[in-house]
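Report on the structure
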Amino acid sequence: MAFVIDGKEAAASVITAVSEAAASLENLTGTKPGLAVVIVGDDPASHAYVNSKSRMAKQCGFNSIQHSLPEETTQEELEKLVRELNADPAVHGILVQLPLPKHLNSEPVIGSISPEKDVDGLNVVNAGKLATGDLASGLISCTPAGAMILVNKIHGPDLSGLNAVVIGRSNLFGKPMGLLLLSANATVTMAHSKSRDLPAICRNADILVAAVGRPGMVKADWVKPGATIIDVGINRVPAPEKGEGKNKLVGDVAFAECAEIAGAITPVPGGVGPMTIAMLMANTLIAAHRAAGRPIPKF
Ligand code: NAP
């Protein structure tokens, strides 16, 4: 049975380090990290995410600012709010919760966030820094940054000689994850819906990362014995065993069967998920340190 990587524990230790560094930054410079979270519309799942981000920011000792805008908000109104937050020196991190309602175009909104405050790491400036191997001066997308901490827990910081396969090539996760693994010297394959013989590609992976959005897609016979599996998928599926109409969250990996073959594996929930919010706090703290002209802490 594989070692189960505890994302909750890893996230809690990042949050402890962030809270301590935030307190010392405030003591030294008077700067209190500020995170502004913007949400448009009434989607309950998005509101739940945003509320937990705001709560965590408060727990870290940050100034937490939440802007809840009505569904009928226009593109111009949303971009105007982002411009105001860009200009506000008390705000170090800006997060616009995605997806936006259908009538809004997220790309120019994300593009208008100042790169120094882009704590989601989705702006092309930050994506470009990562793509050119500059991991030091930008902000790295939260979920891949968090997944990488879990990989490093098993393999250390240098992945020389290891084959990594990332299934999924989204800008949000797959591409930045592939680039982080490459920066750590892994030999990286990015697989996607057009890849031929995905099971064979995966069997070559010492580190297998699944970010597809298909429940239980990765099967035991896709897994190299002893491999590390990082399951990023979050899928809500019916759970009649919990009662009529009940659901549960599962990943993209068939956990029970793959855990028999793998060396280490992240569970869903409790794996990569908690790391995302922890890294959002870490990015806000980093942005606040840069704004205050202080050396940035490492996580
Ligand atoms: P996405 O934008 O929908 O991308 C999915 C990727 O999977 C695409 O690159 C797609 O390939 C690939 N794909 C789809 N079907 C495939 C198949 N049959 N075989 C191989 N590849 C296939 O999704 P995402 O935003 O990256 O998210 C992926 C999953 O991670 C979702 O379940 C999401 O909920 C989860 N997630 C979790 C967190 C977190 O833990 N906080 C954060 C982000 C995402 P093509 O490019 O060829 O279409």
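Residues numbered from 1 in each chain as written. Predicted model: local features only at pLDDT ≥ 70, side-chain atom pairs only at ≥ 80, totals over all residues. Heavy atoms only, no water.

1. Remarks on the sheet that holds strand S1 (residues 3–4)
As a general point, the strands of a sheet are linked pairwise by backbone hydrogen bonds and lie either parallel or antiparallel. With respect to topology, six strands assemble into an open sheet ordered S1-S11-S8-S7-S5-S6, the strand pairing being parallel. The open sheet is flanked by S1 and strand S6 (187–191), the only strands paired with a single partner. Across two bridges, the pairing between strand S8 (residues 228–231) and strand S11 (residues 264–265) is parallel. Across the sheet, the residue bridging to Thr228 is Ala264, located in S11. The sheet contacts of helix H6 (residues 142–155) involve S1, strand S7 (207–210), S8 and S11, and relative to S8 the element is tilted by about 165°. (Pairing = 2+ DSSP bridges. Helix = DSSP H or I, 4+ residues; strand = E, 2+ residues; numbered from the N terminus. Contact = heavy atoms within 4.5 Å. Axes fitted to C-alpha atoms, helices over the stretch in contact; angles between N-to-C directions.)

2. Section: the nonpolar core
Counting 54 residues, the largest nonpolar core has Met177, Leu181, Val209, Ile230 and Met281 as its most contacted members. At the level of elements, helix H1 (7–29), strand S2 (34–40), helix H2 (44–59), H6, strand S5 (163–167), helix H7 (174–183), S7 and helix H10 (272–291) are the ones that each hand at least two residues to this core. The leading source of residues in this core is H10, at ten residues. The residues that make up this core include at least three from each of domain 1 (29–114) and domain 2 (142–273). Excluding residues within four positions of it along the chain, Met281 makes contact with Ile15, Val18, Leu35, Lys53, Met56, Ala57, Cys60 and Phe62. Of all hydrophobic cores here, the second largest spans 20 residues; its members include Ala205, Met217, Val223 and Ala262. (Core = buried A, V, L, I, M, F, W, Y, C linked by side-chain atoms within 4.5 Å. Buried < 20%, exposed > 50% of the residue type's maximum accessible area, 1.4 Å probe, protein only. Domains from an automatic or database assignment.)

3. Concerning the pairing of strand S3 (residues 63–69)
Pairing of S2 with S3, which is carried by seven bridges, proceeds in the parallel orientation. Note on S3: the bridge partner recorded for Val37 is Gln66. Each parallel crossover has a hand, and the one from S2 via H2 to S3 is right-handed. (Right-handed = clockwise from strand over helix to strand, strands pointing away.)

4. Points about the site of the ligand
Around the ligand lies a shell of 20 residues, among which Arg169, Ser170, Ser193, Ile234 and Thr276 are the nearest. Ser170 places a side-chain nitrogen or oxygen 2.5 Å from an oxygen atom of the ligand. Val232 places a main-chain nitrogen or oxygen 3.4 Å from an oxygen atom of the ligand. In terms of residue class, the shell around the ligand is made up of eight nonpolar, ten polar and two charged. (Near = heavy atom within 4 Å. Polar contact = N/O pair within 3.5 Å; in protein donor to acceptor, adjacent residues only side chain to side chain. Nonpolar A, V, L, I, M, F, W, Y, C, P; charged D, E, K, R; others polar.)

5. What to know about H10
Given 3.6 residues per turn, any residue in an α-helix points the same way as the ones three and four places further on. Its 20 residues give H10 an end-to-end C-alpha distance of 29 Å, which sits within 8% of 28 Å, the value for a rise of 1.5 Å per residue. Of all 20 residues making up H10, 15 are buried, and the element is well covered by its neighbours. A positive backbone phi angle near 70° is found at Gly293, which sits one or two residues after H10. (Expected span 1.5 Å × (residues − 1).)

6. Some remarks on the sheet that holds S3
The parallel open sheet is built from three strands, whose spatial order is S3-S2-S4. Edge positions in the sheet fall to S3 and strand S4 (93–96), since each of these pairs with one other strand and no more. Across the sheet, the mean angle separating the axes of adjacent strands is 15° when strand polarity is ignored. Contacts between H2 and the sheet are confined to S2, S3 and S4, with S3 contributing the most and set at about 160° to the helix. Across the sheet, helix H3 (residues 75–87) is in contact with S2, S3 and S4; its angle to S2 comes to roughly 180°.

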